[in-house]
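Chains, contacts and geometry: an overview
As a plain string of letters, each chain reads:
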Amino acid sequence: MTISAFGMNPRRPGISVGQNHRPLGGRRKRIMDVTVASIALVLAAPVMLAIALLILLTDGSPAIFSHTRVGFNGKRFACYKFRTMVANADQVLADYIANNPEAAKEWEQNWKFRNDPRITFLGHILRKSSLDELPQLINVLRGEMSCVGPRPVVPDELQRYGACAIDYLRTRPGLTGLWQVTGRDAIDYPSRVSIDSRYVRDWSIWADVVILARTVFAVMKFDHAS
């Protein structure tokens, strides 16, 4: 899938670094974010409550997990998700990498595992359906994220973006994005970075609308976690 498939003009000039006083898309994108996130949060409230209760009943508290991510202009924020991992996830990760050289290599390359030992049974279901990311609607309303944009990364991970990091920092990270509807986990990390960077450089409000529509179908496939 190419950028042009979303109505983006590949010849459109990127946003200069000097314009970083406002996130990508300005007021138009923000109005769409607040509108979409507000409606989605109201509609998803019963589902979110049910998920929270299931997590509490099957694996205890907390139901919602927050982790530091990098946002617009490098500002860090607490990104919310339903907890999908065991309570001692950090220790499980350290032990798994220390005792499994292949896993250590996979983590170094992708910052994730194909078969992650930290994820609970319910967590697998939530990730496959992307329901674990519903709390990020709150991040959107708070102005820390956008409905569409690059996936939010942890501070250390941003180094892997190289020269493309400048594009990432021009916008709010997104609840969904171009790479999710292009191939999600089937895409390797360098390709994901390239797709996120092209999204920023070739942005249009129409592209956001189409990506949001395509996200519904991508999630319904239920075959790749984002």
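Under an unreviewed UniProt entry, the name given to the protein is Exopolysaccharide production protein ExoY, and the organism recorded is Mesorhizobium shonense. Per UniProt, the protein carries the Sequence similarities (unreviewed entry) text "Belongs to the bacterial sugar transferase family." In the Subcellular location (unreviewed entry) part of its UniProt record, the protein is described as follows: "Cell membrane".

Turning next to the overall build of the protein. Helix and strand content of the protein: nine helices and four strands. When the helices and strands of the protein are listed from N to C terminus, the series reads α-β-β-α-α-α-α-β-α-β-α-α-α. For the protein, the proportion of its 226 residues judged to be buried stands at 46%. When contacts within the protein are restricted to residue pairs at least 6 apart in sequence, those whose partners lie at least 24 apart make up 75%. Within the structure as shown, the protein displays about 11700 Å² of accessible surface, and the carbon and sulfur contribution to it stands at 60%.

Relative to the elements of secondary structure, Asp132 occurs in the loop between α4 (121–129) and α5 (136–141). Relative accessible area serves as the criterion here: at 2%, Asp132 is assigned to the buried category. Excluding residues within four positions of it along the chain, Asp132 makes contact with Lys81, Phe82, Thr84, Leu126 and Arg127.

Now for the packing of aromatic side chains. Taken as a whole and assessed by the stated rule, the structure comprises two aromatic pairs. A centroid spacing of 5.4 Å and a plane angle of 65° characterise the contact between Tyr161 and Tyr168, whose relative ring orientation is edge-to-face. In this structure, Tyr161 and Tyr168 share a single accessibility class: buried. On the basis of an interplanar angle of 90° and a centroid distance of 6.3 Å, the ring pair of Tyr161 and Tyr189 is categorised as edge-to-face.

Let us now look at the pairing of strand β1 (residues 64–70). Two elements, β1 and strand β2 (residues 76–82), share seven bridges in a ladder whose sense is antiparallel. The partner of Thr68 across the bridge, within β2, is Ala78. Counted along the chain from β1 to the antiparallel partner β2, the turn is five residues long, and its residue Asn73 has a positive phi close to 60°.

On to the nonpolar core. Formed by 30 residues in total, the largest nonpolar core has its most connected members in Ile55, Phe82, Leu126, Leu134, Leu178, Tyr199 and Ile211. Elements that contribute at least two residues to this core include exactly α1 (26–59), β2, α4, α5, β3 (146–148), α7 (178–182), α8 (189–201) and α9 (205–221). It is α1 that provides the largest number of residues to this core, a total of six residues. Sequence-distant contacts of Phe82, defined by excluding residues within four places in its chain, comprise Met48, Ile51, Ala52, Ile55, Ala63, Ile64, Leu126, Leu131, Asp132, Leu134 and Pro135. Residues Val70, Val153, Tyr189 and Val193 belong to the second largest nonpolar core, which totals eight residues.

Within this numbering scheme, the UniProt entry marks residues 34–57 as carrying the feature "transmembrane region" (unreviewed entry). For residues 34–57, the helix share is 100%, the strand share is 0%, and the end-to-end C-alpha distance is 32 Å.

Right, let's talk about the environment of Val200 for a bit. Within the secondary structure, Val200 is located in helix α8. When the C-alpha positions of Val200 and Gly149 are compared, they lie 7.6 Å apart, and in sequence the two are 51 residues distant. Once you skip the residues sitting within four places of it in the chain, Val200 turns out to touch Leu24, Pro150, Asp167, Arg170 and Thr171.

Turning next to empty space enclosed by the protein. Using the criterion set out here, one finds two cavities of 30 Å³ or more in the structure. Approximately 50 Å³ is the volume attributed to the largest cavity. For the largest cavity, the full set of lining residues is Ile55, Thr58, Asp59, Arg83, Thr84, Met85, Thr120, Leu122 and Gly123. The set of elements that each furnish at least two residues to the lining of the largest cavity consists of α1 and α4. Examining the composition of the lining of the largest cavity, we find that three residues originate from one element, α1, more than from any other. Grouping the constituent residues of the lining of the largest cavity by class yields three nonpolar, four polar and two charged.

What counts, and at which threshold
Residue positions are given per chain, counting from 1 as you read along its sequence in written order. In view of the model being predicted, local features appear only for residues whose pLDDT reaches at least 70, and side-chain atom pairs are presented and counted only at 80 or more, with totals across whole chains, interfaces and linings using the full set of residues. Excluding hydrogens and water, the side-chain figures rest on all heavy atoms present in the structure. UniProt positions are given in the numbering used here, feature names are shortened, and annotations may be inferred rather than shown by experiment. Helix and strand definitions follow DSSP, with helices as H or I runs of at least four residues and strands as E runs of at least two, each counted in order from the N terminus. Under the scheme applied here, a residue whose accessible area is under 20% of the maximum for its type counts as buried, over 50% as exposed, and between as partly exposed, the area being computed with a 1.4 Å probe on protein chains only. Note on contacts: a residue pair is in contact if any heavy atoms of the two residues lie within 4.5 Å. Note on areas: Shrake-Rupley, 1.4 Å probe, and residue coverage restricted to the protein chains presented here. Geometry of aromatic contacts follows a simple scheme: Phe, Tyr and Trp rings, the Trp one being its six-membered ring, pair when their centres are within 6.5 Å, and the pair is stacked under 30 degrees between planes, edge-to-face over 60, tilted otherwise. Two strands make a pair as long as DSSP finds a minimum of two bridges between them. Take the buried Ala, Val, Leu, Ile, Met, Phe, Trp, Tyr and Cys residues and link them wherever side-chain atoms come within 4.5 Å; each set so joined is a nonpolar core. Cavity: a set of points on a 1 Å grid over the protein atoms alone where a 1.4 Å probe fits but cannot get out. Pocket: an open set with protein on both sides within 12 Å along at least five of seven lines, its lining residues, like those of a cavity, having an atom within 4 Å of a point. Grid points are joined across faces, edges and corners, and a volume is the space filled by probe spheres set on the points. Each residue is assigned to one of three groups, with Ala, Val, Leu, Ile, Met, Phe, Trp, Tyr, Cys and Pro labelled nonpolar, Asp, Glu, Lys and Arg labelled charged, and all others, Gly among them, labelled polar.

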